[in-house]
Amino acid sequence: MPEKLPDYALTARALWTKSNAEYTAGRAREKWAQDQITWGVWSTPESTVRILPDVHGLDVIELGCGTAYFGAWLKKHGARRVVGIDITPAQLETARAMNQEFGLGLELIEANAEEVPLPDATFDLAFSEYGASIWCDSERWIPEAARLLRPGGELVFVRNTDLEMVCSPDEGKVVERLVRPLRGMNRLDWSEDGQPSTEFHLSTTDLFQLLRRTGFDVVDYRQLYASDDSVDHPRYDFVPAEWGRRWPSEEIWRARKR
Ligand SMILES: C[S@@+](CC[C@H](N)C(=O)[O-])C[C@H]1O[C@@H](n2cnc3c(N)ncnc32)[C@H](O)[C@@H]1O
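Treat the numbers as computed from the prediction; the structure is a model and nothing was measured.

### Some words on the sheet that holds strand β3 (residues 59–63)
- The mixed open sheet is built from seven strands, whose spatial order is β5-β4-β3-β6-β7-β11-β10. In the strand order of this sheet, the two ends are held by β5 (107–110) and β10 (216–224), each with one partner. When the angles between neighbouring strand axes are averaged without regard to direction, this sheet yields 15°.
- Seen against the sheet, helix α4 (residues 89–102) touches β4 (81–86) and β5 and runs at an angle of roughly 165° to β5.

Here it is in structure tokens:
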């Protein structure tokens, strides 16, 4: 572990320790048992999105793995090696218990995803489902992903859309009007029930430029809507399904290291 973590990593660790006790540990077994790969809060099936590369034989790293169910799905779908990185010991403890129970052989490391203690050019696929993609500083975690990837390796990640972010008030659910500027958006400090939380969101154009500067070509990009039968998520209900059916709340990026 690095000696000194940024303030937002310590904030995230406190938040995810609480979230693990209240929610994610209890959901982990059901998620690990799932065979199908699904994306985000609307559980959009990868079989309809079709954005992932064929993961057979790939060395994969998940940046901000949480309880590591997504890594588990990729291992079940043929990945050779899956390493999960997370800053929160409680989340990793759940991931380790699941790894033991399901016998999938994931490697789980406690570290800041902006500073991973692994050598350069070790992986074919780096990915994040609401991990580093929203909790880490993009100017730090994207170059780190580039460092960890082999040439031709790919970075796939999910985050919220620009539209969702500009419609998100400081507190409460997403609304149907623009409540914050997109221009210059980066660090966002929130507070929910007195619990501080810091996320990062670069606008699409800024993120696209950062990926280019960091040596990536963007090869795919999708916006996800809630489906007709989606219902409000039991915990992540700040985007009501009704909103998500009309506007895209989630997006997936796929970029290839030159
Ligand atoms: C929503 S979870 C994402 C993981 C997984 N998709 C899930 O839903 O369980 C967010 C995870 O990011 C982790 N995280 C936040 N900041 C991090 C950082 N700087 N380095 C590594 N992990 C971090 C948190 O500890 C948390 O487990």
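### Focus: the site of the ligand
- In the vicinity of the ligand there are 19 residues, among which Y69, D86, T88, A113 and E129 approach most closely.
- Here an oxygen atom of the ligand and a side-chain polar atom of Y69 are 2.9 Å apart.
- Residue Q91 places a side-chain N or O atom 2.9 Å away from an oxygen atom belonging to the ligand.
- Notes on the ligand: free accessible area 580 Å², of which the protein chains cover 96%.
- Considered class by class, the residues forming the shell around the ligand number 10 nonpolar, seven polar and two charged.

### Brief notes about the environment of L224
- Residue placement: L224 occurs in strand β10.
- Beyond its immediate chain neighbours, meaning those up to four positions away, L224 contacts W39, T44, V49, P248, S249, E250 and I252.

### Describing the packing of helix α1 (residues 7–33) against α4
- Relative orientation of the contacting elements α1 and α4 amounts to 15°, with a least axis distance of 8 Å. The angle between α1 and α4 falls in the class roughly parallel. You can see that α1 and α4 cross each other, and the crossing is right-handed. On α4, the residues that touch R13, W16, T17, N20, T24, A25, A28, R29, W32 and A33 of α1 are P89, A90, Q91, T94, A95, M98, N99, E101 and F102.
- Grouping the amino acids of the contact of α1 with α4 by side-chain chemistry returns 10 nonpolar, six polar and three charged.

### Considering the side chain of K31
- Mapped onto the elements, K31 comes out in helix α1.
- Buried K31, no salt bridge; nearest opposite-charge side chain is E129, N-O distance 6.0 Å.
- Discounting residues that sit within four places of it in the chain, K31 has contacts with Y69 and W73.

### Regarding the packing of aromatic side chains
- Across all of its chains, the model carries 12 aromatic pairs by this definition.
- Taking the centre distance of 5.3 Å and the plane angle of 85° together, the rings of W141 and F157 count as edge-to-face. Here the residue W141 occupies a position in helix α6 (residues 138–148), and F157 occupies one in strand β7 (residues 149–160), the gap between them amounting to 16 residues.
- Of the residues examined, F157 reaches a relative accessible area of 1% and is grouped as buried.
- With 5.2 Å between their ring centres and 50° between their planes, W243 and W247 make a pair best called tilted.
- Using a relative accessible area of 24% as the deciding quantity, one classes W247 as partly exposed.
- Taken together, the ring pairs connect W39, Y69, F70, W73 and F127 into an aromatic cluster.

What counts, and at which threshold
The numbers attached to residues start from 1 for each chain and follow its sequence in the written order. Local features in this predicted model are restricted to residues whose pLDDT is 70 or higher, and side-chain atom pairs enter the listing and the counts only when it is 80 or higher, whereas totals over whole chains, interfaces and linings include all residues. Here the side-chain values reflect all heavy atoms present in the structure, with hydrogen atoms and water set aside. Note: two strands are recorded as paired if DSSP finds a minimum of 2 bridges between them. Starting at the N terminus, helices and strands are each numbered in turn, a helix being any DSSP run of H or I of at least four residues and a strand any DSSP run of E of at least two. Interaxial angle, 0 to 180 degrees, is taken between N-to-C directions of lines fitted to C-alpha atoms, where a helix line uses only the stretch in contact. Throughout, a residue-residue contact means that at least one pair of heavy atoms, one from each residue, lies within 4.5 Å. Any residue with a heavy atom lying within 4 Å of a molecule or strand is counted as near it. N or O atoms closer than or at 3.5 Å make up a polar contact, with two conditions inside protein: a donor-capable atom paired with an acceptor-capable one, and, for residues adjacent in sequence, both atoms drawn from side chains. Computed by Shrake-Rupley with a 1.4 Å probe, the accessible areas treat only the displayed protein chains as cover when residues are assessed. Residue type decides the class: Asp, Glu, Lys and Arg count as charged, Ala, Val, Leu, Ile, Met, Phe, Trp, Tyr, Cys and Pro as nonpolar, and the leftover types, Gly among them, as polar. Small angles under 35 degrees read as roughly parallel and large ones over 145 as roughly antiparallel, with 65 to 115 read as roughly perpendicular and the rest as oblique. Each crossing gets its hand from how the near helix is turned against the far one by less than a right angle, where anticlockwise is left-handed and clockwise is right-handed. For every residue, the accessible area (1.4 Å probe, protein chains only) is compared with the maximum for its type, and the residue is labelled buried under 20%, exposed over 50%, or partly exposed between those bounds. In this charge count, Lys and Arg are treated as positive and Asp and Glu as negative; neither His nor the chain ends contribute. Put simply, a salt bridge is a Lys or Arg side-chain nitrogen that is within 4 Å of an Asp or Glu carboxyl oxygen. Stacked, tilted and edge-to-face pairs are distinguished by plane angle, under 30 degrees for stacked and over 60 for edge-to-face with tilted covering the rest, among Phe, Tyr and Trp rings (Trp via its six-membered ring) whose centres lie within 6.5 Å.

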